[in-house]
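Structural overview for review
Spelled out from the first residue to the last, the chains are:
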Amino acid sequence: LGRMTVEEKINQLSCYLLTNPYSDEIDVHVGAIAAMNAGSCPEQIAGNIHKIQEKVIQNSRFGIPALFHTEALAGPIQQGCAGFPLSISNAAAFNDENVRKMAEISRNQLKGMGIRHALSPVLDIARDFRYGRIGETYGSDPTLVSKLGCAFVEGMQGKVISEGVAATAKHFLGCAQPEAGVNQTRAVVDERELEEEIVKPFEAAIHNCDLKAVMNSYGEINGEPFCASEYYLQELLRNKLGFEGVTTSDYHSLDRLIQPFKLAETEKEAAVMALK
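This section reports on the structure supplied with the text. Keep in mind that this is a model prediction, so the values were computed, not measured. (Residues numbered from 1 in each chain as written. Predicted model: local features only at pLDDT ≥ 70, side-chain atom pairs only at ≥ 80, totals over all residues. Heavy atoms only, no water.)

**A word on the sheet that holds strand 1 (residues 15-18)**
- Here four strands make up an open sheet; going across it, the order is 1-2-3-4 and the pairing parallel. Looking at the sheet topology across the chains shown, the edges are occupied by strand 1 and strand 4 (117-118).
- Examined bridge by bridge, strand 1 and strand 2 (residues 32-35) share four bridges and lie parallel to one another. Bridge pairing in strand 2 links Leu18 to Ala35. (Pairing = 2+ DSSP bridges. Helix = DSSP H or I, 4+ residues; strand = E, 2+ residues; numbered from the N terminus.)

The following block contains the structure:
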């Protein structure tokens, strides 16, 4: 880090959305690549990711590879990979061992393709059933969500992270209790409930499973967006909960600091707010 330029550090914080693995214009000067369309079958995906990764390393002054990621809530979101029941079905079964085995299978498939970062699990406590993403959650009970969430993280990361895939707990915080059930709006919850119940599954995954990544919520509370909140992302997440992993922004969540939150006028200002 001491030898890297500011531009190189910024590049490592940046992500390229891969929609055409055969394009000649793939940005290889990034720290992360979202493998949303990397091929039509696992073998092809693995080959394409390997070729792109070689270019990333060749174009890095220090030979730093990119961290490829994808969604994997019910199996890797890649063509030809295994698909499993959504989280709410697993919650209804009260079977954490099923969740663990599902995540283990997903981990092996992701590793085989060269994808080492999963944007899962969803650890939101869902108590407003108008919310359109209920199926992604493990329901409304903090203890059940914690138990199943930990099973997922354990299965995805494995016993040694060098042999596993980094799991990402999301969305921090209160995402599944939005105003009127509308996604990306303010969290309708008081401070006690937020810090004693809504946070519980995240706390469990951090303390019990060495969770490697946390993703911010799109929403806000008391007029403060979570993606630029020093209190929630530093004081609560890191200082109080002891999280030492990577915080990652949800797609386009920083854009919301410009519109609709109107806290920044430019992308540069939004980036500075988020980094701080």
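**Considering the sheet that holds strand 6 (residues 213-216)**
- The three strands are arranged 5-6-9 in an open sheet whose pairing can be described as parallel. Only two strands of the sheet have a single partner each, and these edge strands are strand 5 (168-172) and strand 9 (246-248). Across the sheet, the mean angle from the axis of one strand to that of its neighbour is 25 degrees, orientation sign disregarded.
- Of the pairings in the sheet, the one linking strand 6 to strand 9 comprises three bridges and is parallel in character. Within the sheet, the bridge partner assigned to Ala213 lies in strand 9 and is Val246. (Axes fitted to C-alpha atoms, helices over the stretch in contact; angles between N-to-C directions.)

**Examining the nonpolar core**
- If you look at the biggest cluster of nonpolar residues, it comprises 59 residues, and the most contacted ones within it are Met156, Phe172, Leu173 and Leu211.
- If sequence neighbours within four positions are ignored, Phe172 has contacts with Val199, Phe202, Val214, Met215, Asn216, Ser217, Phe226, Tyr232, Leu233, Leu236, Leu237 and Leu241. (Core = buried A, V, L, I, M, F, W, Y, C linked by side-chain atoms within 4.5 Å. Buried < 20%, exposed > 50% of the residue type's maximum accessible area, 1.4 Å probe, protein only. Contact = heavy atoms within 4.5 Å.)

**Let's talk about the packing of helix 4 (residues 96-113) against helix 5 (residues 142-157)**
- In the contact formed by helix 4 and helix 5, the axes pass within 7 Å of each other and the chain directions differ by 30 degrees. As the angle between them shows, helix 4 and helix 5 are arranged roughly parallel. Between helix 4 and helix 5 the crossing geometry is right-handed. Contacts between helix 4 and helix 5 involve Asp96, Val99, Arg100, Met102, Ala103, Glu104, Ser106, Arg107 and Leu110 from the former and Lys147, Leu148, Ala151, Phe152, Glu154, Gly155, Met156 and Gln157 from the latter. (Parallel < 35°, antiparallel > 145°, perpendicular 65-115°, else oblique. Left-handed = near helix turned anticlockwise from the far one by under 90°.)

**Section: the pairing of strand 6**
- Residues Ala213 and Met215 line one face of strand 6 and the alternating positions Val214 and Asn216 line the opposite face, and both faces are buried.
- As paired elements, strand 5 and strand 6 share three bridges and run parallel to each other. Looking across to strand 6, one finds that Thr168 is bridged to Ala213.

**Quick notes on the pattern of salt bridges**
- Under the defined criterion, the tally for this structure stands at 16 salt bridges.
- Measuring nitrogen to oxygen at the nearest pair gives 2.9 Å for the salt bridge that ties Arg130 to Asp128.
- Ionic pairing is found between Glu195 and Lys240, a salt bridge with its closest N-O pair at 3.9 Å. On the criterion of sequence distance, the pair formed by Glu195 in helix 6 (residues 191-198) and Lys240 in helix 8 (residues 230-240) is long-range, its members being 45 residues apart.
- When its relative accessible area of 22% is taken as the criterion, Glu195 is described as partly exposed.
- Its relative accessible area of 47% is what places Lys240 among the partly exposed residues. (Salt bridge = Lys/Arg side-chain N within 4 Å of Asp/Glu carboxyl O.)

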